[in-house]
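# Tertiary structure, described
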Amino acid sequence: MKLQTAIVQPLPRRQRVSMRAREYLELGKPRVVALIVFTAIVGMFLATPAMPPLSTIILATLGIGLAAASAASINHLLDQHADAIMTRTRGRPLPTGQLKPRQALAFALILGALSMLILVLGVNALTAALTFISLIGYAVVYTVYLKRATPQNIVIGGAAGAAPPVLGWTAVTGEVSSDALLLFLIIFVWTPPHFWALALYRQQEYAKVGIPMLPVTHGSEFTRLHVLLYTLLLTAVTLMPFATHMSGLFYLLGAVVLNAGFIHFAWRLYRNYSDLLAKKTFAYSIQYLAALFSLLLIDHYRAYFSEALQSALY
């Protein structure tokens, strides 16, 4: 009997290009970047009582988005060995060999350079500088040092992830105000309970690769308590836009409902842990932040259109 040798036909060029594009897209963590860009855009709109210039919105969004994707690509590059071990990340382009490290590095550098060029020439120097600091803070300071140095890694490193609304604000105004810092504070306090919910059901994987996430170093119960405490702190912080007259009653009512949901998840997680509940808490935290910033945006323009209507009538 003769053995038949299978002939592997090469993929059509269009399909190869499409697959390669998807691999590079995954390198930039598009879902994470989408949330980052959204909070930056909200910061732009909240920075002015009217509408920000369209050119600023487009260029700042593009610049901030490219910087975030560059930081994500560097994170992929530096974490590739740990990613190859962890179930959640072993299918990423670098661990699977779909992309080479030099390709990832070139991609990150090109995106970062384009980002700085767009922000310096099309927006302003302050936004470019703060964006660059955030990029280095996440891609280098957090990924290289903090992530493996302390169980408080996500707390300290959360500053880089909390910067986007400030970047959006400075893109429009050219300065950092107290309201912009309040937006920063909201994301900064949101980050620990958001990420620790993920770390709880990925505890063994983080332990396997030697990353000292809080559940690894201090155990599940301690982490769940801190998820609850940070959620309560987050509730207080998210009421501050109303207290400082940055937002109105519409935002307040929505924020109370969202916080009630987050506290409900955090309390259940603390009292009766399960991996499924931790996953639901993590998913809710993402929806929570998107909804909270949507409320800020809607409330801001409710007041704007109300004032415009009153001016037209009187």
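Right above here is the structure, for reference.
Residues numbered from 1 in each chain as written. Predicted model: local features only at pLDDT ≥ 70, side-chain atom pairs only at ≥ 80, totals over all residues. Heavy atoms only, no water.

### Quick notes on the side chain of T127
By the element assignment, T127 lies in helix 6 (residues 125-149). For T127, a relative accessible area of 0% gives the class buried. Those residues within four positions of T127 in sequence are excluded, and the remaining contacts are L119, L167, T170 and A171. (Helix = DSSP H or I, 4+ residues; strand = E, 2+ residues; numbered from the N terminus. Buried < 20%, exposed > 50% of the residue type's maximum accessible area, 1.4 Å probe, protein only. Contact = heavy atoms within 4.5 Å.)

### Points about the pattern of salt bridges
Counted according to the given criterion, the structure contains 4 salt bridges. Salt-bridge contacts for R148 lead to D79; the nearest nitrogen and oxygen are separated by 2.9 Å. Residue R148 is located in helix 6, and its partner D79 is located in the loop between helix 3 (54-78) and helix 4 (80-85); the two are separated by 69 residues in the primary sequence. For D79, a relative accessible area of 2% gives the class buried. The partner of R202 in a salt bridge is E205, and the shortest N-O contact between them spans 2.9 Å. Like R202, the residue E205 is buried in the burial classification. One salt-bridge network, held together by shared partners, links D79, K147 and R148. (Salt bridge = Lys/Arg side-chain N within 4 Å of Asp/Glu carboxyl O.)

### Here's the deal with a nonpolar patch on the surface
Judged by side-chain polarity, I110, L114, L117, V120 and L121 come together as a nonpolar surface patch covering roughly 500 Å² of accessible area. Relative to the assigned elements, V120 resides in helix 5 (residues 101-122). On the basis of relative accessibility, which here comes to 46%, the residue V120 falls in the partly exposed class. (Patch = residues over 30% accessible without salt bridge, like charges linked within 9 Å, V, L, I, M, F, W, Y side chains within 5 Å. Areas by Shrake-Rupley, 256 points an atom, 1.4 Å probe, with all protein chains shown as cover.)

### A few points about the layout of surface pockets
Here the largest pocket defines a volume of roughly 1,400 Å³. As for the largest pocket, its lining consists of 50 residues, of which K29, V32, Y138, H194 and F195 are closest to the centre. Of all the secondary structure elements, the ones that give two or more residues to the lining of the largest pocket are helix 2 (30-46), helix 3, helix 4, helix 6, helix 7 (153-161), helix 8 (164-173), helix 9 (178-201) and helix 15 (275-313). In the lining of the largest pocket, the residues fall into 30 nonpolar, 11 polar and 9 charged. Roughly 200 Å³ of volume is contained in the second largest pocket. In terms of lining residues, the second largest pocket is bounded by 15 residues, among which I133, S134, A159, A160 and A163 are the most central. The set of elements that each furnish at least two residues to the lining of the second largest pocket consists of helix 6, helix 7 and helix 8. The element best represented in the lining of the second largest pocket is helix 6, accounting for 7 residues. (1 Å grid on protein atoms, 1.4 Å probe; cavity = no way out; pocket = protein on both sides within 12 Å on 5 of 7 lines; lining within 4 Å. Points joined across faces, edges and corners; volume = space filled by probe spheres on them. Nonpolar A, V, L, I, M, F, W, Y, C, P; charged D, E, K, R; others polar.)

### A closer look at the packing of helix 2 against helix 3
Direction vectors running N to C along helix 2 and helix 3 enclose 145 degrees, while the axes themselves pass 9 Å from each other. Here helix 2 runs over helix 3; the crossing is right-handed. On helix 3, the residues touching V33, I36, V37, A40, I41, M44 and F45 of helix 2 are T56, I57, A60, T61, I64, G65, A68 and A69. For the contact of helix 2 with helix 3, the class distribution of residues is 12 nonpolar, 3 polar and no charged. (Axes fitted to C-alpha atoms, helices over the stretch in contact; angles between N-to-C directions. Left-handed = near helix turned anticlockwise from the far one by under 90°.)

Without other data, these values stay purely geometric and don't point to any function.
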